[in-house]
Amino acid sequence: MEVIQKISRLKSLSKKIKSLNKTIAFVPTMGALHEGHLNLVDIARKIGDVVIVSIFVNPIQFGPNEDFEKYPRNLSKDVELLTKRGVDYIFTPEVNEFYGENFQTYVEVKEITKYLCGASRPGHFRGVTTVVSKLFSILKPDFAIFGQKDGQQVVVIKKMVKDLLFPLKIIVSPIIRENDGLAMSSRNSYLSKEERELAVNLYKGLELGSSLILNGERNSSKVSEAIKNFLNEKNGIKIDYIEIVDKKTLKPIENIKDEIMIAGAIYVGKTRLIDNISLYVS
Ligand code: PAF
């Protein structure tokens, strides 16, 4: 296992791997790794000859009042976890080299970034698509693995790959949850004991919505209202959004049908958490 910082080293390594006719499976992360990330790594290990994980807290996907500075960073623990999981290379570029002087080129997916998290975090997805496309162009992976917890990110990245003809396959792994159902997230480490107990209600609320749909409710306003009422009863939770959307277009829907996603974002104290449940409704 080698930890690589320099872009030039990774570029030449990727060239060498390709010349040996081996495939690269890539897992982009911002570090502070948990079982959710390690599950992506396990998938990468199964499908690719060489597994590369990037650890880079990408400044341009954070808004001015967001948590870029305090985002959890623990490189030595991450390296240990990834080594145990059989990763071949870890790429940890420095911000100064990665964006260079006078960086001014961005990749932006328009329509589908207006909804859900895109509405509350302007510029966030532009930061994500820019960093991911730059990572793709440095590494030239054959596979890139993303987690469904960031459900909108998955749709946005797939659209970018399709529109810009990146020659790779996107693999999506299911949400990995704690025993009580809370979706694993690096930001869970911000939660106090009391906040951690409250946080699971996002999943419980989405589950409530899901069971209403499975029991026949097809009016999305009724389902989202039920989830909001459930969450509003909990002192200490502030809803950012609860939406029922078409899973492909991410457009909010009125009549629940076909492939849908019940998506939510809440604040527990100062911590913003997201989660989603996908359903196929005939
Ligand atoms: O999902 C994340 O951790 C980030 O958005 C990603 C894809 C690593 C880009 O910085």
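Being a predicted model, the structure only gives us computed values, none of them experimental.

Scoring rules and cut-offs
Residues numbered from 1 in each chain as written. Predicted model: local features only at pLDDT ≥ 70, side-chain atom pairs only at ≥ 80, totals over all residues. Heavy atoms only, no water. Near = heavy atom within 4 Å. Polar contact = N/O pair within 3.5 Å; in protein donor to acceptor, adjacent residues only side chain to side chain. Areas by Shrake-Rupley, 256 points an atom, 1.4 Å probe, with all protein chains shown as cover. Helix = DSSP H or I, 4+ residues; strand = E, 2+ residues; numbered from the N terminus. 1 Å grid on protein atoms, 1.4 Å probe; cavity = no way out; pocket = protein on both sides within 12 Å on 5 of 7 lines; lining within 4 Å. Points joined across faces, edges and corners; volume = space filled by probe spheres on them. Nonpolar A, V, L, I, M, F, W, Y, C, P; charged D, E, K, R; others polar.

Enquirer: Tell me what's going on with the site of the ligand, and back it up with residues and numbers.
Expert: In the region of the ligand, the neighbouring residues are P28, T29, M30, N58, Q61, V128, V131, F146, D150 and Q153. Interatomic distance of 2.6 Å between a side-chain N/O atom of Q61 and an oxygen atom of the ligand. The contact in question runs from an oxygen atom of the ligand to an N or O atom on the side chain of Q153, over 2.7 Å. About the coverage of the ligand: the protein hides 88% of its 290 Å² of free accessible area.

Enquirer: Outline unusual backbone geometry, supporting the account with residue identities and numerical values.
Expert: Despite not being glycine, A32 shows a phi value in the positive range, around 50°. With respect to the element layout, A32 can be found in the loop between β2 (24-29) and α2 (35-47). Although it is not a glycine, K140 adopts a positive phi angle of roughly 50°. Within the secondary structure layout, K140 lies in the loop between α6 (124-139) and β5 (143-147).

Enquirer: Any chance you could break down the layout of surface pockets for me, citing the residues and the numbers?
Expert: A probe as big as a water molecule, rolled over the atoms, marks out the empty space that is left. Here the largest pocket is characterised by a volume of approximately 330 Å³. Considering the residues around the largest pocket, the lining is formed by 15 residues, among which N65, E66, D67, Y267 and R272 are closest to the centre. Broken down by class, the residue content of the lining of the largest pocket amounts to four nonpolar, four polar and seven charged. In this structure, the second largest pocket encloses a volume near 230 Å³. Lining the second largest pocket are 15 residues, with I55, F56, V57, R73 and P93 sitting closest to its centre. Along the lines of polarity and charge, the residues of the lining of the second largest pocket split into nine nonpolar, three polar and three charged.

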